[in-house]
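Examining the three-dimensional arrangement
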Amino acid sequence: MKYILLLNRFWLNITSFIAPKYCANLAVNIFSKVRIKSIRDKEKPFYAQAREFKVARAGEDLSCYELGNPEGKLLFLVHGWESNPGCFTQFLPHLANYRIIAFTLPSHAHNKETHTNMYEGKDAFKLVLDAIKPTEPFHVVAHSLGSSISSFALSETDYQVDKLVFLSANNLI
């Protein structure tokens, strides 16, 4: 396996000199491909408790989920790369007093699309925010790429955020 990776690296380095545009497109294609994973047994309680709704999006609608107390403070959950909203199942007992909104990032979980990036994720979160139309400051709990997507999306809106919780290894924001 080590030699295959070295050969690929060598091939990409050579190709980038001969055909840089082709090589750039190839790299984007490789690194934007999402490996769709099955919903794990430990994530299924999330979907069993949630009310699913859709938010229109060009290409494929976003699967969104609402849980918790409908009268509670609004909290958005944003999952990470190659994950799904069910990854937050273990937090649900601690968030029962909140109105929780989660959504599946483009090309994740049961989506038919296969490739995505941070820009599409940012646009997806903004679509969800605009569908919910929060009028008061809200919370966001995000994991991995979801942390970057959340901060990017929120930087382009006028919505007021009370707390941001990033379950990530970000060392600089």
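Residues numbered from 1 in each chain as written. Predicted model: local features only at pLDDT ≥ 70, side-chain atom pairs only at ≥ 80, totals over all residues. Heavy atoms only, no water.

On to the overall build of the protein. Helix and strand counts for the protein come out as five helices and six strands. Each helix and strand of the protein, placed in order from N terminus to C terminus, yields the pattern α-α-α-β-β-β-β-α-β-α-β. If you line up the protein on its principal axes, its C-alpha atoms span 60 × 40 × 35 Å. Residue burial in the protein is summarised as follows: out of 173 residues, 39% are buried. A fraction of 70% describes how many contacts in the protein between residues 6 or more apart in sequence connect residues 24 or more apart. By element, 57% of the accessible surface of the protein is carried by carbon and sulfur atoms, the whole surface being about 10,500 Å². (Helix = DSSP H or I, 4+ residues; strand = E, 2+ residues; numbered from the N terminus. Buried < 20%, exposed > 50% of the residue type's maximum accessible area, 1.4 Å probe, protein only. Contact = heavy atoms within 4.5 Å. Areas by Shrake-Rupley, 256 points an atom, 1.4 Å probe, with all protein chains shown as cover.)

Let's shift gears to the pattern of salt bridges. Once the charged atoms of two side chains with opposite charge are near each other, the side chains can pair. The full count for this structure, using the stated rule, is twelve salt bridges. The partner of arginine 51 in a salt bridge is glutamate 66, with the nearest N and O atoms 2.6 Å apart. Of the two residues, arginine 51 sits in strand β1 (residues 51–55) while glutamate 66 sits in strand β2 (residues 62–68), which places them 15 residues apart along the sequence. When its relative accessible area of 45% is taken as the criterion, arginine 51 is described as partly exposed. With a relative accessible area of 15%, glutamate 66 lands in the buried category. The shortest N-O distance in the salt bridge between glutamate 66 and arginine 99 comes to 2.8 Å. Taken together, the residues glutamate 66 in strand β2 and arginine 99 in strand β4 (residues 99–103) connect sequence positions 33 residues apart. (Salt bridge = Lys/Arg side-chain N within 4 Å of Asp/Glu carboxyl O.)

Bringing unusual backbone geometry into the picture now. Despite not being glycine, serine 107 shows a phi value in the positive range, around 70 degrees. Secondary-structure assignment places serine 107 in the loop between β4 and α4 (118–132).

What follows deals with the sheet that holds β1. Spatial strand order, β1-β2-β4-β3-β5-β6: six strands in an open sheet with mixed pairing. Two strands in the sheet have a free side with no partner beyond their single neighbour: β1 and β6 (161–167). Taking each pair of neighbouring strands and ignoring which way they run, the sheet shows an average axis angle of 20 degrees. (Pairing = 2+ DSSP bridges. Axes fitted to C-alpha atoms, helices over the stretch in contact; angles between N-to-C directions.)

Attention now moves to the nonpolar core. By size, the foremost hydrophobic cluster in this structure holds 22 residues, and its most contacted members are Phe76, Phe103, Phe125, Val128 and Val140. With five residues, the top contributor of residues to this core is α4. Apart from residues lying up to four places away in sequence, valine 128 is in contact with Val55, Leu62, Cys64, Phe76, Ile101 and Phe103. Core analysis: the next-biggest nonpolar cluster, separate from the first, contains twelve residues, Ala50, Leu75, Ala102 and Val141 among them. (Core = buried A, V, L, I, M, F, W, Y, C linked by side-chain atoms within 4.5 Å.)

What follows is about helix α5 (residues 145–155). Listed in full, the buried residues belonging to α5 are Leu145, Gly146, Ser147, Ile149, Ser150, Ala153 and Leu154. Of the surrounding elements, those touching the buried residues of α5 are β3 (74–78), α4, β5 (138–143) and β6.

Looking at the secondary structure, you find lysine 33 in the loop between α2 (20–31) and α3 (44–49). Taking relative accessible area as the criterion, lysine 33 reaches 39% and is therefore assigned partly exposed. With residues near it in sequence (within four places) discarded, lysine 33 still touches Trp81, Glu82, Thr114 and His115.

Position of alanine 58 among the secondary structure elements: in the loop between β1 and β2. C-alpha of alanine 58 to C-alpha of alanine 124: the two residues are 66 residues apart in sequence and 10.0 Å apart in space.

Our focus in this paragraph is the packing of aromatic side chains. The full count for this structure, using the stated rule, is nine aromatic pairs. Aromatic pair tyrosine 47 and tyrosine 65: ring centres 5.2 Å apart, planes at 85 degrees, arrangement edge-to-face. Highlighted residues: tyrosine 47 in helix α3 and tyrosine 65 in strand β2, separated in sequence by 18 residues. Since its relative accessible area comes to 6%, tyrosine 65 is described here as buried. Cluster of aromatic residues (ring-pair linked, three or more members): Phe76, Phe103, Phe125, Phe138 and Tyr159. Across the ring face of phenylalanine 152, the terminal group of lysine 122 is positioned such that the distance to the ring centre comes to 4.9 Å. (Phe/Tyr/Trp six-rings, centres within 6.5 Å; stacked < 30°, edge-to-face > 60°. Lys NZ or Arg CZ within 6 Å of the ring centre and 35° of its normal.)

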